[in-house]
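Examination of the molecular architecture
Listed below are the residues making up each chain.
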Amino acid sequence: MDIGFIGLGSMGEPMALNLIKTGTKLTVWNRSAAKCETCRAAGASVAATPAELFNETRIVILMLADDAAIDSILGRGTPDFAANVAGHTIVHMGTTSPEYSRGLEADIRAAGGFYIEAPVSGSRKPAEVGELVAMLAGEESAVTAVRPLLQPMCRETIVCGAVPNALLMKLAVNLFLITMVTGLAEAVHFAQRHGLDLGQLLAVLDAGPMASNVSRIKAQKLATQDFAVQASISNVLENNRLIAEAARKSGVASPLLDICHALYGETQMLGHGEADMAAVVRAIEARTGALDRS
């Protein structure tokens, strides 16, 4: 089956490579053409334009940054939209608002296509080793057809029902992730300010009931001040905004998330927008510095 993949960024490139490695016949396109070369070398075809990719494939995976990028690629709002999506299954694996996704599904179905939400939980490292967790939503027959195709990228695929349940599920998962990593950063900062041995702190955390792959990776990054990006501050801030908007629209309180939103915004203003989310500790340090000076 011919599959298209659009969006070869930090997450998209390793996801596409995992498909190629398992023999999937893949055609790729990326706005920055140079990003296609690794996939080309691995055996993928490279389309000259998105329209060419749509002409050559019937299932198209989108791993794009936001709704504006998706609309642009699909030609939404133009005569090209129907030509691009009719007879195609569009698989949206990025993170956008649930409301946007619901509207996109309606437009694609009206144009004669199928639509699946398939946002993933995990950062670049799990993407590289095919250990992402995908949440799927959409018409049952389309989900059933596409689900096996995602296995090279995902160790688990969990069906969540109708659109936009997969994106709502992703936002719930991200709410936990954001508050957990922020709490971990505050704990490490607390330990540092009290002169504790961070190696011992990491050992206690790793041996205890709260240990996880995320806690182990992020605690190590905090202890060593290694903020090489896995999930950036700016990306987390955008996810935080999407969750907050969904909470407000449904009348749900999100007090911890609101505190995190302020801290990630402060971290970005301090110049760490492209650093890993663990760099949120910089905002906490800045708040401590302000207390020291008062």
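What this report covers is the structure whose coordinates are included nearby. All of these numbers come straight from a predicted model, not from anything done at the bench.

Digging into the overall build of the chain
- For the chain, the count of helices and strands is 14 helices and 9 strands.
- Taken over the C-alpha trace, the chain has a radius of gyration of 20 Å; the compact-globule value for 294 residues is 19 Å, and the two agree within 12%.
- A principal-axis box enclosing the C-alpha atoms of the chain has dimensions of 60 × 45 × 35 Å.
- A buried classification covers 48% of the 294 residues belonging to the chain.
- Restricting the contact set of the chain to residue pairs at least 6 apart, pairs at least 24 apart contribute 65%.

Quick look at helix α12 (residues 233-249)
- The end-to-end C-alpha distance of α12, which contains 17 residues, comes to 24 Å, matching closely the 24 Å that a straight helix rising 1.5 Å per residue would cover.
- Every buried residue of α12 is accounted for by Ile233, Val236, Leu237, Asn239, Asn240, Leu242, Ile243, Ala244, Ala246 and Ala247.
- Structurally, α12 contributes buried residues whose contacts are with α9 (165-193) and α13 (255-272).
- Gly251 occupies a position one or two residues after α12 and carries a positive phi of about 70°.

Some details on unusual backbone geometry
- A cis amide bond, omega 10°, links Val163 with the succeeding residue Pro164.
- As for its position among the elements, Pro164 is in the loop between β9 (154-159) and α9.
- One non-glycine residue, Gln225, lies in the positive phi region at around 60°.
- Position of Gln225 relative to the elements: it lies in the loop between α11 (213-224) and α12.
- On the basis of relative accessibility, which here comes to 32%, the residue Gln225 falls in the partly exposed class.

Focus: the pattern of salt bridges
- Counted according to the given criterion, the structure contains 19 salt bridges.
- Where Lys249 meets Glu99, a salt bridge forms, and the shortest distance between an N and an O atom there is 3.9 Å. Linking Lys249 in helix α12 with Glu99 in helix α6 (residues 98-110), this pair joins segments that are 150 residues apart in sequence.
- Classification of Glu99 as partly exposed rests on a relative accessible area of 34%.
- A salt bridge links Glu131 to Arg155, with the nearest nitrogen and oxygen atoms 3.2 Å apart. In this pair, Glu131 sits in the loop between α7 (124-128) and β8 (132-138) while Arg155 sits in strand β9, placing the two residues 24 residues apart along the sequence.

Parameters and conventions
Residues numbered from 1 in each chain as written. Predicted model: local features only at pLDDT ≥ 70, side-chain atom pairs only at ≥ 80, totals over all residues. Heavy atoms only, no water. Helix = DSSP H or I, 4+ residues; strand = E, 2+ residues; numbered from the N terminus. Rg over C-alpha atoms; globule rule 2.2 N^0.38 Å. Buried < 20%, exposed > 50% of the residue type's maximum accessible area, 1.4 Å probe, protein only. Contact = heavy atoms within 4.5 Å. Expected span 1.5 Å × (residues − 1). Salt bridge = Lys/Arg side-chain N within 4 Å of Asp/Glu carboxyl O.

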